[in-house]
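# Structure assessment
Below are the chains, spelled out letter by letter.
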Amino acid sequence: MVQSRLLFSFVMLFMLVSCKIDRRETVDRDKFTFRYTDDTYLFFRNVRQIYYDYQDLPQARWHAYRLSDRYTGNQRPAINPVIVVDWHNQQANLLVEANEPLMEEPEIVIREKNSRSGTFYSYSLKERGRENMLEFATKIYEGIVAENEFMIKYEGTFHPLFPEEDDADSFRVVMADYYRLTRIF
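An account of the accompanying structure is given in this report.

### Considerations on the packing of aromatic side chains
Per the counting criterion, the structure on display carries 12 aromatic pairs. Plain terms: the ring middles of Tyr179 and Phe185 are 5.0 Å apart, the flat faces sit at 55° to each other, and that makes the pair tilted. An aromatic cluster is defined as three or more aromatic residues linked by ring pairs; in this entry it consists of Phe44, Tyr52, Tyr54 and Tyr65. Looking at Arg111, its charged tip hangs above the ring of Phe158, at a distance of 4.4 Å from the centre. Note that Arg130 overlies the ring of Phe34, its terminal NZ or CZ placed 3.9 Å from the centroid.

### Structural notes on the sheet that holds strand S5 (residues 108-113)
Taken in spatial order, the four strands make up an open sheet running S6-S5-S7-S8, and their pairing is antiparallel. One side of each edge strand has no neighbouring strand; the edge strands of this open sheet are strand S6 (120-125) and strand S8 (157-160). Direction aside, neighbouring strands of the sheet carry axes that sit 30° apart on average. Alignment of S5 against strand S7 (residues 149-154), held across four bridges, turns out to be antiparallel.

### Overview of the side chain of Asn93
Tracing the sequence through the fold places Asn93 in strand S4 (residues 91-98). By relative accessible area, Asn93 is classed as buried at 11%. Within the local environment of Asn93, its side chain forms a polar contact with the side chain of Arg130, the two groups lying 3.2 Å apart. Sequence-distant contacts of Asn93, that is, excluding residues within four places in its chain, are made with Phe34, Val82, Ile83, Val84, Arg130 and Tyr178.

Thresholds, definitions, all that
- Residues numbered from 1 in each chain as written.
- Predicted model: local features only at pLDDT ≥ 70, side-chain atom pairs only at ≥ 80, totals over all residues.
- Heavy atoms only, no water.
- Phe/Tyr/Trp six-rings, centres within 6.5 Å; stacked < 30°, edge-to-face > 60°.
- Lys NZ or Arg CZ within 6 Å of the ring centre and 35° of its normal.
- Pairing = 2+ DSSP bridges.
- Helix = DSSP H or I, 4+ residues; strand = E, 2+ residues; numbered from the N terminus.
- Axes fitted to C-alpha atoms, helices over the stretch in contact; angles between N-to-C directions.
- Buried < 20%, exposed > 50% of the residue type's maximum accessible area, 1.4 Å probe, protein only.
- Polar contact = N/O pair within 3.5 Å; in protein donor to acceptor, adjacent residues only side chain to side chain.
- Contact = heavy atoms within 4.5 Å.

In short, geometric facts, not functional conclusions.
Structure below.
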């Protein structure tokens, strides 16, 4: 009885520590790849998939995973990363999905404020290639880890991208899962 409680306590401690493991990881762009291995996909499906809404796209031979806790409304502009697994080619892509208010925008423009220096950075996503979307989402991920502030351009003015702390964390979690899936982490 004591051994099983001790084992349970150890497992819970390990799980709590491992949930935040990506907060100190740096993204090595030299490791950018779209390939996954059987073991990383098995881990994703057995451990991480429960946190995602799953969509099967059989004609494309794809599976799409959208974080269940993401913002799904249309009252404000929002973007969400989506993990798309091309199981036929053993590749995983990261898509940046915009909600309805952003559909008419010609490009997604982000303004990021560095929390330490107060410096503003601006970057955009105009071309929707998989490399461009991964680089764009990675910049946001790095800013989230650095605890920077984000604004998104909508109808000519900037609005908060992550008005709730959970919104930024949801974005971070999907990115970390993608990086683990493709062995960037």
